[in-house]
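# Structural overview for review
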Amino acid sequence: MKRVTIDPVTRLEGHGKVEIFLDEAGEVAAAYFQVPELRGFEKFCEGRPVEELPRIVPRICGVCPGAHHIASAKAVDGVFGVTPPPAAAKLRELFYCAHFVHSHIAHFYALAAPDFVVGPDAPPSERNILGVVGRVGLEAGGEVIRHRAYAQEIQALLGGKATHPVCGVPGGMSKALTAAEQAEVQRKAASLVDFASFSLQLFRDVVLGNPGYVELIKSEAYALRSYDMGLVDADGKVAFYDGVVQVRDPAGGPFVRFSGLEYQQHIAERVEPWTYLKFPYLKRIGWHGMADGQDSGLYRVGPLARLNVSTGFTTPLAQEAYQEFFAVLGPPPIHATLATHWARLIELLYASERILALARDPEITSPEIRVLPTGVAGEGVGIIEAPRGTLIHHYKTDANALVTGLNLIVATTNNYGAIGASVARAAKGLIHGGDVQEGVLNRVEMAMRAYDPCFGCATHALPGQMPLTLVVRDPAGAELGRLVR
Amino acid sequence: MTLLVLGVGNEFFGDDGAGIAAVRRAQARYNGKGVTFAEASGGGLELLDRMVGHPAVLIVDAAVTGMAPPGTVLLLSPESLPAGVSDAHGAGLGTALAIGRRMGLALPERLDVLAIEALSMDEPGAGLSPPLANSLEDAVAAILAMIRSGALCGTGLAEHPHHGQGDQASGQRRQELRPAQGHAHGRRQLQEQPHGRIQRQELDDRRRRHGE
């Protein structure tokens, strides 16, 4: 067999590595997505005062720190047996929606748009955010930078710091919102709603207006008929900060709903010898390898899954966009992995509208932002929707609230099996006759990039790039060729 | 006119916290005016947000370049950072600078990057590895020397609006952005200061060495 290695995968958060094995005829025999995961973080937190975790766990990653902070704050509430007052819950949600906005803008314009706005087969030197700016124009490019900064500024205003927030404390928030700050958030949120609408229109014009792209999105190489998981509110609408986990089967039927500690009854984790990351799967169905369909316990999370499990959004413009999404692609569930990019932009609109709604809520400036803990319950679970999907923090402590056990199931872990299955399907559908040209491999990568995977990372690394190296090997492992992007 | 000294990194990932540790120590040691000390933990676009509006910026960060033993302080040229390349965090520093230039943002006229060669940034945990802990003073001395020299060696990024349009231009770019005489003077002072295990090497050298 020939061995094709894509290492590390470009435009992913953290490090990933793809190994594609070709047979003698140059067809794909197998494909693996390997991850060097950082489980050490869970060990490193043991023995620490649990109230410190909301400030430590965001350091798992420089890309999704806001999600870890909020999930951690909720888990710590549980450990101390306290429920934050309504104003605190709203402030957390407001902060968190700003995190979503920031994350979704960065993903779409820097990581996804190069494939759609510039083109999947464009030269790599143009297929990047600079190329996107070149296509959409300087004015639109400036709007991207400005609104990304707005989202950061709102996070900094509420969170204390833009990147590694410190606002979530046991029982609530550390700081109330002043009237002047409320006005600033309202002003920026109104602009964010316009920008999100613009982004959706850009997607309609550039992607949906191009029959080739629509065909690509709907093609079999990018389909995965897995279960879907996501958080919904009491009305079944998409919820980011708090709700019940809803799982639907590949036909769209309700499979299970759970919350808090119940997650352990429904999710099991499979260990494979060739990767550090565990594969979660639905316990009741069982692990049947990286296969999709009704009989495989594989599920996925993230923007597309959230649209599939929910009945829509609580805000008007996002709800309209939700209906348009299914009117164009067909009734839920949608299994086209690349439709995730569209779903992400609809969520960008929802998060923007939600910030505005929360900033207009009179209660948002209430000084009642904290319930002081008086005892230690000793165990807490925080489940939220991270930009990349369902995120679970589960803490156990002793009577002094010192951490004795920690389990984190992050969005990318939830998606790990689905990503592997999607990569294998794309590789089999796209690589033929040993053709492993750059454009072909980029199309394989697109299958996983849609998930916006994040594998835990040291936040950044000089010189600030992740080059793509493609290695083709013969059956004996000798290098036949090498491609460096 | 303030100089921004920006420590970049993650103090819960071993040596990745070296830049932040060095900047904190330099801040405690510095008693002059005109310098803003700050910390950042994100990628290129976050750094871009932080740099805009400052006439001069010194970024201090840990890096595994493979060019020197762990603990060595390297002075990297910002122009050598690759622009227009796909990156794990949306945009690396080089790409972010290229975006800033194209957008006409108020970029610093001078930008320098002090990189502290790290041993490991992959393992979660607080605290630096022994070689970095032992040589942190070198980085602190380098930061203070660069502040005092008053002539940071970065070149006028904002004056070159057409740079960074693609990777293939990097050779040409390096030549165009060669520092002026006055800047070279500042660099010489740096190399003479007592703690100075400072090397100026551009990342292009590393690429050449790796035969890429």
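Predicted, not measured: the structure shown is a model, and the values here were computed from it. (Residues numbered from 1 in each chain as written. Chains lettered and ligands numbered in written order. Predicted model: local features only at pLDDT ≥ 70, side-chain atom pairs only at ≥ 80, totals over all residues. Heavy atoms only, no water.)

All right, on to the packing of aromatic side chains then. Residue and element names in this part refer to chain A. In the structure shown here, the tally under the stated rule is 20 aromatic pairs over all chains. Plain terms: the ring middles of phenylalanine 313 and tyrosine 350 are 5.0 Å apart, the flat faces sit at 40° to each other, and that makes the pair tilted. Highlighted residues: phenylalanine 313 in the loop between α10 (303-309) and α11 (316-329) and tyrosine 350 in helix α12 (residues 340-360), separated in sequence by 37 residues. On the basis of relative accessibility, which here comes to 2%, the residue phenylalanine 313 falls in the buried class. It is arginine 48 that lies over the ring of phenylalanine 44; its NZ or CZ is 4.4 Å from the centre. (Phe/Tyr/Trp six-rings, centres within 6.5 Å; stacked < 30°, edge-to-face > 60°. Helix = DSSP H or I, 4+ residues; strand = E, 2+ residues; numbered from the N terminus. Buried < 20%, exposed > 50% of the residue type's maximum accessible area, 1.4 Å probe, protein only. Lys NZ or Arg CZ within 6 Å of the ring centre and 35° of its normal.)

We now examine the pattern of salt bridges. When their charged atoms lie close together, side chains carrying opposite charge are able to pair. All names here are of chain A. As enumerated under the stated definition, the model contains 27 salt bridges over all chains in all. Where arginine 127 meets aspartate 115, a salt bridge forms, and the shortest distance between an N and an O atom there is 3.8 Å. Of this pair, arginine 127 sits in the loop between α4 (86-118) and α5 (129-136) while aspartate 115 sits in helix α4; the two residues are 12 residues apart in sequence, bridging distant segments of the chain. Ionic pairing is found between arginine 425 and aspartate 292, a salt bridge with its closest N-O pair at 2.8 Å. Taken together, the residues arginine 425 in helix α14 (residues 416-430) and aspartate 292 in the loop between β10 (279-282) and β11 (299-300) connect sequence positions 133 residues apart. For arginine 425, a relative accessible area of 26% puts it in the partly exposed group. Through salt bridges with shared partners, a single ionic network connects Asp115, Arg127, Glu445 and Arg449. (Salt bridge = Lys/Arg side-chain N within 4 Å of Asp/Glu carboxyl O.)

Strands sit in the order β8-β7-β6-β11 (chain A) across an open sheet of 4 strands; the sheet is mixed. Every other strand in the sheet has two partners, leaving β8 (254-258) and β11 of chain A as the edge strands with one partner each. (Pairing = 2+ DSSP bridges.)

Attention now goes to the side chain of serine 72 of chain A. Residues and elements named next belong to chain A. Along the chain, serine 72 falls in helix α3 (residues 65-80). By relative accessible area, which is 0% here, serine 72 ends up buried. Residue contacts for serine 72: discarding those within four places in its chain leaves Leu53, Pro54, Val57, His393 and Tyr395. (Contact = heavy atoms within 4.5 Å.)

Moving on, we get to the sheet that holds strand β14 (residues 403-409) of chain A. Residue and element names in this part refer to chain A. One open sheet holds the 3 strands; their spatial order is β12-β13-β14, and the pairing between them is antiparallel. Across the chains shown, the open sheet's two edge strands, defined by having one partner strand only, are β12 (379-386) and β14. Adjacent strand axes in the sheet meet at a mean angle of 10° when their direction is disregarded. As paired elements, strand β13 (residues 389-397) and β14 share 6 bridges and run antiparallel to each other. Its bridge partner lying in β14, histidine 393 is registered against leucine 408. (Axes fitted to C-alpha atoms, helices over the stretch in contact; angles between N-to-C directions.)

Further remarks concern the layout of surface pockets. To locate leftover empty space, one rolls a probe as large as a water molecule over the atoms. Residues and elements named next belong to chain A. By volume, the second largest pocket amounts to about 390 Å³. Surrounding the second largest pocket, 19 residues form its lining, Lys74, Asp77, Gly78, Asp242 and Val381 being those nearest its centre. When residues of the lining of the second largest pocket are traced back to their parent elements, those giving at least two are α3, α4 and β12. The greatest single-element share of the lining of the second largest pocket, amounting to 5 residues, is contributed by β12. Grouping the amino acids of the lining of the second largest pocket by side-chain chemistry returns 7 nonpolar, 7 polar and 5 charged. (1 Å grid on protein atoms, 1.4 Å probe; cavity = no way out; pocket = protein on both sides within 12 Å on 5 of 7 lines; lining within 4 Å. Points joined across faces, edges and corners; volume = space filled by probe spheres on them. Nonpolar A, V, L, I, M, F, W, Y, C, P; charged D, E, K, R; others polar.)

Time to look at helix α3 (residues 93-103) of chain B. Buried residues dominate α3 of chain B, accounting for 10 of its 11 residues. Those residues of α3 of chain B hidden inside the fold are in contact with α5 and α6 (138-159) of chain A together with α2 (44-51), β3 (56-63) and β5 (110-117) of chain B. Just past α3 of chain B, the residue glycine 104 of chain B takes up positive phi, approximately 70°.

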